[in-house]
Amino acid sequence: MNTLSYTKNNRLIYLYVMPAMIVMALVVLYPFIYNVVISFTDMNLTHFKDYHFSGLRNYIGVITESTFWYFFFKTVLWTVLNLIFHVGIGVMLALIINENIKGKSVFRTLLILPWAVPQYITALTWRGMFNSEYGAINLLLDKLVGIQVPWLSTEWGAFAACLITNIWLGFPFMMIIALGGLQSIPSSLYEAAEIDGASRWTQFKNITVPLLKPVMVPAITLGVIWTFNNFNVVWLVSNGGEPADTTHILVSWVYKAGFTYFRMGYAAAFSMIIFGTLLIFGWKFINRTKATENVY
Amino acid sequence: MRPIERSLLDSLLHKFSTSYPQYSFRQLFYAPEEARTNFIISSLAGKGPALLHGASDNIGPMVELDVIRPMEDLFDQSYLSRFLEKPFPANTWFRGHLYQIADRIGNHLCLVYNKDIIKKPPQTFSELIAMGKKLTRDDNHDGKPDHYALAWNYTEPFFAIPFIGGYGGWIFDSQFHPTLNTPATVKAAQLIYDLANKYKIIPKECDYEVANALFKDGLSAMIINGPWSWGTYLKAGMHIGISRIPRIDETGLWPTPLVSPMGYSINKNLKGAKLKMVVKLVRFLTSVDTELRFTRLGASIPSLTQAYNSPLVKNDSLIQHSIDQMMVGKRMPVVTEMRWIFDAMRPAYQSIFTGRLSPKEAAQKMQDLAEKLIRENRE
Amino acid sequence: MAAGVKKLSGIRKVIAYAVLSLFSLFSIYPILVVFSISLRPGDRLLSKSLAIIPHNYTFQTYVDLFVHQPFLRWMMNSLIISVAVTVFAVSLAATAGYAFSRYAFKLRDASMMGLIMTQMFPVTMLLLPLFIMLIHIGAYDSYWGLIIAYSATALPFTVWQMKGYYDTIPFSLEEAATIDGAGPLVTFYRVILPLALPALAITALFSFMTAWSEYLVAAVLIQDQDLFTLPMGLKMFSSNMEVAWGLYSAGAIVVSIPVVILFLSLSRWLVSGLTLGSVKG
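None of the values given here were measured: they were computed from a predicted structure. Numbering of residues starts from 1 in each chain and follows the order in which that chain's sequence is written. Chains and ligands are labelled sequentially in the order written, the chains with letters from A and the ligands with numbers from 1. Totals for whole chains, interfaces and linings use all residues, but because this is a predicted model, local features are given only for residues with pLDDT of at least 70 and pairs of side-chain atoms are given and counted only at 80 or more. Processing note: side-chain calculations cover all non-hydrogen atoms of the structure and skip hydrogens and water entirely.

Looking only at helices and strands, one finds 16 helices and 10 strands in chain B. This radius of gyration counts C-alpha atoms alone. The globule rule is 2.2 Å times how many residues there are, raised to the power 0.38. Here the C-alpha radius of gyration of chain B, 22 Å, is about what a compact globule of 379 residues would show, namely 21 Å. Structurally, chain B occupies a C-alpha span of about 70 × 50 × 35 Å along its principal axes. Across the 379 residues in chain B, those meeting the buried criterion constitute 63%. Strands are runs of DSSP state E lasting at least 2 residues, helices are runs of H or I lasting at least 4, and numbering of each runs from the N terminus. For each residue, the accessible area found with a 1.4 Å probe, counting protein chains only, is set against the maximum for its type, and the residue is called buried under 20%, exposed over 50%, and partly exposed in between.

Okay, here's the thing in structure tokens:
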């Protein structure tokens, strides 16, 4: 096991770990508990400062909302598709760049740009590009293949538009993580495999993937969680849920309930349900990939 | 407030502070939605800016959340009587208390037309449609028009509500219960739908930015937009005219855009000497002189009777036309229900344009959702 | 050196370059659109022309940005905060990650899980109570609140990232160092940390980005306009329904430049030449 036996240095361990944990506790704990508490109350516009305990009423309200399950499904779909492309594209590009490529740094820099430019304006730029009259995408599609897609005025067109935008925004991150991870794999392993006559695919499967895992797993786990809760992109590209409030994922609904209607009790319960879902996922995922295992 | 107005505000605050050097006065600017949210959050936490300047439709929620204070005990009657009562009361009362003192009224949609394309704006919709047939052309013969008669953000309820009034109906009754499933609503939606699909004089897919782009590029002869945008058209060098949104032929009525005052509300947390100072500041910012300065800069309609009747206002054609439109507008309600009604309208209303619902079905759905939202939020 | 030993040749080379070029184009096109918006007079977000440089281009927006707006002050403010957050978060993550990697102490799994859990709750709902709390400890209109909040945002990822990276460093190195007589601290600083440079680079970049582009928390905590950060400054270009697109896009382009510079300077560690090939078995 990759653990040291400095048992007499327990104090050192805690010294290493405590500062980080204290900061986290400070910032997250109180707001979290606050939300847990009010999720059981009827805090809303009518009784904001004078709320009362209302038990599970909010939770039941959320689950019995007909559209809840539909948006739940959409959110899961959104998350899965995004991650597949983020990781797929990111790792692929990292592998290529890692090779003996001329102009490496130029490519690297170009490929990181989507991450560097402020999201607010690039999301709105993409929205403009998907406009069926004025948008660059339809103008190009028209020139090349003669078709035009009604992106933003149809439900799944809008979903696709948000998806493409978010893929654009997200792959650089995975690419960088993968690049960093690839650095830790000693070339001697590949050399040895080469000598043994292993094909590129076998090398990839047996060397690259396992050694990349410990670095990619945190990124993927957090990627799933962040994408699931990514309110900005969906909101901006669909202009708040258009067409007709069908382009939503769970968190944009929470936002609406909490900040537009001030139904804080309801929004808190909703958030708890989202939290619970992700918790179950996170637990299962971490356990299955054994992220705390060593690699050698 | 637009940037030039904000600079004016800065210089005014500076001038005011020379009389009271022990205080400093600063302005903090946000887009309306965020200003509202940030103000509410900071006020709830016991702090926040002393004054909020905005439109009156935020009053309802803010009173219910208890973040602004009643003002009638802070200002004497002689001061308050200097404000307009007709055609619209400038100051906002809610549940028996004064919550906002206005420094301008308006914020309403008008028909804006490009004088380089049209000399005289249409007075009725049949005129507009006739004009439209000539103005809408497909120059490059790709099957889609390049020039439109009219473009505006018609998929947003706020920009469609005036037409409901034009057909003699309204979004709620005197008790603020929603009345969306009426023939007026259906006909209003049908009209807009026909403009896009039957008469084809407005674009099929059009939001705020697209409408602006078309108008600014000279590809749309007219647009329906509010005073906040006129400055940008003027800055782009356009020759624009303002007029009333054309009459509805069937009823002979003018469409009724929502008119709201904009003004100052006071943070609940303010007390003592600071409160007294803020009262002085409000009086200063709503003096005749100040209001006319803003008018000169941004064509806003003043809230004080004296300023309203001044030669500056009377001789400005843009403002006079804006006032003309305002005369047939309806007052923006300050009750919280207003926002829920907008939100209830939006999904079903937009479904009409994607072809999923007919106007009649949509109207019923709007009504159902409005009732549901009100019920949920009030429980 | 790079992971794949074989030199790239023939058809593989062509495909590799093609893929890279395609994705580079994909990456940069929308940004070129943003750039062209900044060059267009009249605040035009949309245009029928596909030209990147509009025929009536002007650099006026950039001039306005620096001369008529306190853009440089916003930049200074953001720099101070972002650098502070980067230093703070990297130090905390480098040490905590190491401890999580090497020591199987009792609360380890729970703490790691806890870190991830903090990301699962929708941020918007945490704002109001967070704000109330920060007010009560006097963090209003000061950078401390922001630095702590942003570090907290960056920590879960950075700690895990460091831990994951440390996991790939074989234990034998520390053993060798111990045999040579080095204590744990020295081993950490002299032997392990240098090997973790790629992860440190990523951690630094990520922390910087988190602070540099954050808007929500800053908007509620900072009310003094002199203390505005870049995202707050950029947001000021939008009013009622009209957005000053020219200024906004010019701002967006300029705001991205420091991030790209940071990335360029850190990227030499992302492809560091350090190999562990010398360690066998």
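Having seen the structure, we can now continue with the description.
Looking now at the packing of aromatic side chains. To pair, rings of Phe, Tyr and Trp, with the six-membered ring standing in for Trp, must have centres within 6.5 Å; the planes then decide the type, stacked if under 30 degrees apart, edge-to-face if over 60, and tilted in the middle. Applying the stated criterion across every chain, the model contains 60 aromatic pairs over all chains. Relative to Trp69 of chain A, the ring of Phe68 of chain A lies with its centre 5.0 Å away and its plane at 80 degrees, an arrangement referred to as edge-to-face. What makes Phe68 of chain A buried here is its relative accessible area of 3%. Taking relative accessible area as the criterion, Trp69 of chain A reaches 48% and is therefore assigned partly exposed. An aromatic cluster of three or more residues is present, and its members are Trp126, Phe130, Trp151, Trp168 and Phe171 of chain A together with Phe23 and Phe26 of chain C. The ring of Tyr79 of chain B carries the charged tip of Arg283 of chain B above its face, separated from the ring centre by 4.4 Å. In this scheme, the term charge over a ring applies when either NZ of a lysine or CZ of an arginine sits within 6 Å of the ring centre and within 35 degrees of the ring normal.

Residues and elements named next belong to chain C. Where helix H4 (residues 108-117) contacts helix H6 (residues 143-167), the axes come no closer than 8 Å and their chain directions differ by 135 degrees. The orientation of H4 with respect to H6, classified from their angle, is oblique. In this structure, H4 crosses over H6, and the sense of that crossing is left-handed. Of the residues in H6, those in contact with Met112, Leu115 and Ile116 of H4 are Pro156, Val159, Trp160 and Lys163. Of the residues in the contact of H4 with H6, the class split is 6 nonpolar, no polar and 1 charged. Between N-to-C directions, angles cover 0 to 180 degrees, with each direction set by a line fitted to C-alpha atoms, over the stretch in contact for helices. In this scheme, roughly parallel covers angles under 35 degrees and roughly antiparallel covers those over 145, while 65 to 115 is roughly perpendicular and the rest are oblique. Take the far helix as the reference: if the near one is turned anticlockwise from it by less than a right angle, the crossing is left-handed, and if turned clockwise, right-handed. The contact criterion used throughout is that any non-hydrogen atoms of two residues lie within 4.5 Å. Lys, Arg, Asp and Glu make up the charged group, whereas Ala, Val, Leu, Ile, Met, Phe, Trp, Tyr, Cys and Pro make up the nonpolar group; the residues left over, Gly among them, are polar.

Counting from both sides, the interface comprises 106 residues of chain A and, opposite them, 104 residues of chain C. Both sides together, the interface formed by chain A and chain C hides about 10700 Å², and carbon and sulfur atoms give 78% of it. Within this document, salt bridges are pairs made up of a side-chain nitrogen of Lys or Arg and a carboxyl oxygen of Asp or Glu, the two lying within 4 Å of each other. Between the two partners, chain A and chain C, sit 0 salt bridges. Think of a polar contact as two N or O atoms within 3.5 Å of one another; within protein, one of them needs to be a possible hydrogen donor and the other a possible acceptor, and neighboring residues in sequence only count if both atoms come from side chains. Where chain A touches chain C, the interface holds 6 residue pairs in polar contact (both at pLDDT 80 or more). Per-element accounting of the side of chain A that touches chain C gives the leading share, 18 residues, to helix H1 (residues 10-38) of chain A. Looking at the side of chain A that touches chain C, its residues break down into 77 nonpolar, 20 polar and 9 charged. Accessible area that two parts lose when put together, with a 1.4 Å probe and added across both, is what the buried area reports.

Attention now goes to the domain arrangement of chain A. Looking at chain A, the domain boundaries give domain 1 (1-29) and domain 2 (68-289). Segment limits for the domains were obtained from an automatic or database-derived domain assignment. For domain 1 of chain A versus domain 2 of chain A, the distance between C-alpha centres works out to 32 Å.

Taken together, the contact between chain B and chain A spans 36 residues of the former and 26 residues of the latter. When chain B packs against chain A, the two sides together hide about 2800 Å² of surface, and 48% of this comes from carbon and sulfur. For chain B, the biggest contributors to the area lost against chain A are Leu65, Glu205 and Glu379 of chain B; these three give 22% of the whole. In this structure, the connection of chain B to chain A is made through 3 salt bridges.

Let's shift gears to the pattern of salt bridges. One side chain can pair with another of opposite charge once the charged atoms of both are near each other. Residue and element names in this part refer to chain B. Under the criterion given, the structure shown has 19 salt bridges over all chains. Close ionic contact of Glu250 with Lys187 constitutes a salt bridge, the shortest N to O distance being 2.7 Å. With a gap of 63 residues between them, Glu250 in the loop between strand E7 (240-243) and strand E8 (258-266) and Lys187 in helix H7 (residues 183-197) connect regions that are remote in the sequence. Two residues, Lys372 and Glu376, come together in a salt bridge whose shortest N-O distance is 3.4 Å.

Let's shift gears to helix H8 (residues 208-216) of chain B. Residues and elements named next belong to chain B. Within H8, 9 of the 9 residues are buried, which leaves it mostly tucked inside the rest of the structure. Backbone nitrogen of Glu209 and a side-chain oxygen of the N-cap are separated by 3.2 Å at the start of H8; the cap is Asp207. Following H8 by one or two positions, Gly218 adopts a phi angle in the positive range, close to 75 degrees.

What follows deals with the environment of Trp230 of chain B. All names here are of chain B. Looking at the element boundaries, Trp230 is found in helix H9 (residues 227-235). Under the relative-accessibility criterion, Trp230 is labelled buried at 3%. Distance from Trp230 to Leu318, taken between C-alpha atoms, is 9.8 Å for residues 88 residues apart in sequence. With near-sequence residues (within four places) excluded, Trp230 lies in contact with Cys110, Val112, Asn225, Ile240, Ile242 and Ser322. Side-chain polar atoms of Trp230 contact the backbone oxygen of Asn225, separated by 3.5 Å.

All names here are of chain B. Two elements in contact, H8 and H9, have axes separated by 11 Å at closest approach and are oriented at 35 degrees. Here H8 runs over H9; the crossing is right-handed. Here H8 contributes Tyr208, Asn212, Phe215 and Lys216 to the contact with H9, which in turn contributes Trp228, Ser229, Thr232 and Tyr233.

All right, on to the sheet that holds strand E5 (residues 148-151) of chain B then. Sheet strands line up and pair through hydrogen bonds in the backbone, either parallel or antiparallel. Residues and elements named next belong to chain B. When DSSP finds two or more bridges between two strands, those strands count as paired. If you walk across this open sheet you meet the 4 strands as E5-E6-E4-E7, and the pairing is mixed. Both outer strands of the open sheet, E5 and E7, are each paired with one neighbouring strand and no more. For this sheet the average axis-to-axis angle between neighbouring strands, irrespective of direction, equals 20 degrees. Strands in contact with H8 are strand E4 (110-114), E5, strand E6 (220-225) and E7; relative to E6, the strand with the most contacts, it is inclined by about 140 degrees.

So, on to the side chain of Thr118 of chain C. Along the chain, Thr118 of chain C turns up in the loop between H4 and helix H5 (123-136). Among the polar contacts made by the side chain of Thr118 of chain C, one reaches the side chain of Gln119 of chain C at a distance of 3.4 Å. Every residue in contact with Thr118 of chain C, bar those within four places of it in the chain, is listed here: Met24 and Val28 of chain A together with Pro156 of chain C.

Residues and elements named next belong to chain B. A two-sided burial pattern is seen for E7, the buried positions comprising Ile240 and Ile242 on one face and Gly241 and Ser243 on the other. Bridge analysis of E4 against E7 gives 4 bridges, and the strand direction is antiparallel. By the bridge assignment, Val112 is partnered in E7 with Ile242.

For the rest of this paragraph, the subject is the nonpolar core. Ranked by internal contacts, the top residues of the largest apolar core, which has 302 residues, are Trp152, Phe163 and Ile171 of chain B together with Tyr166 of chain C. Here this core takes 16 residues from helix H7 (residues 155-183) of chain A, the largest share from any one element. In contact with Phe163 of chain B, other than residues within four places in its own chain, are Phe125, Trp152, Ala188, Leu191, Ile192, Ile224, Ile245, Ile248 and Pro255 of chain B. Buried residues of nine kinds, namely Ala, Val, Leu, Ile, Met, Phe, Trp, Tyr and Cys, make up a nonpolar core once their side-chain atoms join them within 4.5 Å. Within the second largest apolar cluster, 41 residues are counted, among which are Phe16, Phe25, Ile101 and Val259 of chain B.

Of note, Arg95 of chain B is a non-glycine position whose phi angle comes to about 50 degrees, a positive value. Take Arg95 of chain B: its relative accessible area is 57%, and that puts it in the exposed class.

What follows covers the pairing of E8 of chain B. All names here are of chain B. Of all 9 residues making up E8, 9 are buried, and the element is well covered by its neighbours. One ladder, built from 5 bridges, connects strand E1 (residues 51-55) with E8; its direction is antiparallel. Counterpart to Leu52 in the pairing with E8 is Ser265. The pairing of strand E3 (residues 97-106) with E8 spans 5 bridges and is classified as antiparallel. Directly across from Ile101, in E8, lies its bridge partner Tyr264. Pairing of E8 with strand E10 (residues 330-331) involves 2 bridges; the strand directions are parallel. Bridge pairing in E10 places Val259 opposite Arg331.

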